[in-house]
Amino acid sequence: MQSLETVFVVGAGAMGHGIAQVFAEAGMKTFMRDLNEDLVQKGMAKIKKNLSKKVAKGRMSEERQNEVLAKLHPVTTLEEVAQADLVVEAATENVSIKESILKELDRLLKADAILATNTSSISITKLAAVTSRPEVFIGTHFFNPVQTMRIVEIIPGIQTSEDTLNAAKRIVDVIGKETVVAKDFPAFLLNRMLLPLLNEAFYCYMEGQGTAEDIDKGMKMAMGHPMGPLELSDFIGLDTLLSVFEVMYEGYGDPKYFPCPILTKLVEAGHYGVKSGKGFYDHTK
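Fair warning: this is a prediction, and the values are worked out from it, not measured in the lab.

A. Representation of the nonpolar core. If you look at the biggest cluster of nonpolar residues, it comprises 35 residues, and the most contacted ones within it are Ile 19, Phe 23, Leu 86 and Phe 142. If you list the elements that add at least two residues to this core, you get strand S1 (6-10), helix H1 (16-25), helix H2 (37-56), strand S4 (86-89), strand S5 (114-117), strand S6 (137-142), strand S7 (151-156) and helix H6 (162-174). In this structure, Phe 142 is in contact with Met 15, Ile 19, Phe 23, Asn 118, Val 152 and Ile 175, ignoring residues within four places of it in sequence.

Encoded structure:
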């Protein structure tokens, strides 16, 4: 990749729209693709809401807001991906879905484009293997909410080239964020540390050791966390967390990564957190 002018983001959901926004704010022509017009426009609506908040708080002018929106191009096909210098796959945390998308992207991308995945747990080496370009494939794990979280976890696979790793670091720098580099093991570095903490909070809740409010209040006030573990889990998505736990438990075989039963039950009930309206909290009110 000689320069970074055009970015293509696959997915307009919780992570995809945030990733598209930060690249557009950094001045890149940014395509944001999802399966249908409704999904893509929901992503655009979230971006417009985020930018409007910045304007209301005096952190962005209306003129600047319009400039950012002009950089964004919502699409429902992959035709424009041939223009991209960087593609970020931000589909749901499911191996087969990601592999299917990556195979199609691999077929359409220009030779020197970097192909990145926003997975939070799945093996980068495994995903790279379904493409013909594992040397330019890399993990770029953004954190939610992308617009405000200052860190991106970069994960090279076994065949990722040093040039691609360095390019990914430069890309993250361009969008004004910091990097940590993690080895390609299940859940990488940051989630491997975070999820056992969340799991313990789930057990405290399930066993009635404290209410959701008290668990979260305690962690925020005593430990200085900006969000409590149950509030954070609802925000991340309980279905996403369950997928990550399953990858970790399968990968390490350690019982400390076995998901608390209350998490499984909530997901079975369709209570995924903020995105579904209910999780550990009721978000419909």
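B. Just the sheet that holds S6, in detail. Here eight strands make up an open sheet; going across it, the order is S3-S2-S1-S4-S5-S6-S7-S8 and the pairing mixed. Looking at the sheet topology across the chains shown, the edges are occupied by strand S3 (72-75) and strand S8 (178-181). When the angles between neighbouring strand axes are averaged without regard to direction, this sheet yields 25 degrees. Note: S6 against S7, five bridges, orientation antiparallel. Residue pairing across strands places Gly 139 opposite Ile 155, the latter belonging to S7. This element, H1, spans S1, strand S2 (29-33), S3, S4 and S6 of the sheet and lies at about 170 degrees to S2. Lying over the sheet, helix H4 (residues 95-108) contacts S1, S4, S5 and S6, oriented at roughly 165 degrees with respect to S4.

C. Seen up close, the environment of Phe 202. Structurally, Phe 202 can be placed in helix H7 (residues 190-206). The exposure class of Phe 202 is buried, given its relative accessible area of 0%. Separated by 34 residues in the primary sequence, Phe 202 and Ala 168 have C-alpha atoms spaced 35 Å apart.

D. Molecular detail of the layout of surface pockets. The volume enclosed by the second largest pocket comes to roughly 180 Å³. The element that contributes the greatest number of residues to the lining of the second largest pocket is helix H10 (residues 238-252), accounting for four residues. For the lining of the second largest pocket, the class distribution of residues is six nonpolar, three polar and four charged.

E. Region of the structure containing empty space enclosed by the protein. Evaluated as defined, the whole model comprises one cavity of 30 Å³ or more. When its volume is computed, the largest cavity comes out at roughly 80 Å³. Lining of the largest cavity is provided by Phe 23, Leu 86, Val 88, Ile 114, Ala 116, Ile 138, Thr 140, Phe 142, Ala 168, Ile 171, Val 172 and Ile 175. Here the lining of the largest cavity is built from residues that sort into eleven nonpolar, one polar and no charged.

F. Focus on the UniProt feature "site: Important for catalytic activity" (unreviewed entry) in the chain. Following the UniProt record, one finds the feature "site: Important for catalytic activity" (unreviewed entry) at His 141. Locating His 141 in the fold gives a position in strand S6. The contact partners of His 141, leaving out residues within four places of it in the chain, are Asn 118, Thr 119, Ser 120, Val 152, Glu 153, Ile 155 and Asn 191.

G. Focus on the pattern of salt bridges. On inspection of all chains with the given rule, the structure shows eleven salt bridges. For the salt bridge of Asp 106 with Arg 133, the shortest nitrogen-to-oxygen distance reads 2.7 Å. Placement of Asp 106 in helix H4 and of Arg 133 in the loop between helix H5 (124-128) and S6 is noted, with a sequence separation of 27 residues between them. For the pair Asp 106 and Arg 133, one class covers both residues: buried. We note a salt bridge from Glu 268 to Lys 265, for which the minimum N-O separation is 3.3 Å. Of the two residues, Glu 268 and Lys 265 are both situated in helix H11 (residues 261-268); the distance of three residues between them amounts to about one turn of the helix. For the pair Glu 268 and Lys 265, one class covers both residues: exposed.

H. How the structure looks around the UniProt feature "domain: 3-hydroxyacyl-CoA dehydrogenase C-terminal" (unreviewed entry) in the chain. Taking the numbering used here, the UniProt-annotated feature "domain: 3-hydroxyacyl-CoA dehydrogenase C-terminal" (unreviewed entry) corresponds to residues 188-282. In this annotation, residues 188-282 is assigned 63% helix and 0% strand; the end-to-end C-alpha distance for the span is 31 Å.

I. A look at the packing of helix H9 (residues 229-236) against H10. In the contact formed by H9 and H10, the axes pass within 6 Å of each other and the chain directions differ by 95 degrees. By the angle between their directions, the pair H9 and H10 is classed as roughly perpendicular. Along its contact with H9, which presents Ser 233, Asp 234 and Ile 236, the element H10 presents Leu 238, Thr 240 and Leu 241. Residues of the contact of H9 with H10, tallied by class, amount to three nonpolar, two polar and one charged.

Parameters at a glance
- Residues numbered from 1 in each chain as written.
- Predicted model: local features only at pLDDT ≥ 70, side-chain atom pairs only at ≥ 80, totals over all residues.
- Heavy atoms only, no water.
- Core = buried A, V, L, I, M, F, W, Y, C linked by side-chain atoms within 4.5 Å.
- Buried < 20%, exposed > 50% of the residue type's maximum accessible area, 1.4 Å probe, protein only.
- Helix = DSSP H or I, 4+ residues; strand = E, 2+ residues; numbered from the N terminus.
- Contact = heavy atoms within 4.5 Å.
- Pairing = 2+ DSSP bridges.
- Axes fitted to C-alpha atoms, helices over the stretch in contact; angles between N-to-C directions.
- 1 Å grid on protein atoms, 1.4 Å probe; cavity = no way out; pocket = protein on both sides within 12 Å on 5 of 7 lines; lining within 4 Å.
- Points joined across faces, edges and corners; volume = space filled by probe spheres on them.
- Nonpolar A, V, L, I, M, F, W, Y, C, P; charged D, E, K, R; others polar.
- UniProt positions renumbered as here; feature names shortened; annotations may be inferred.
- Salt bridge = Lys/Arg side-chain N within 4 Å of Asp/Glu carboxyl O.
- Parallel < 35°, antiparallel > 145°, perpendicular 65-115°, else oblique.

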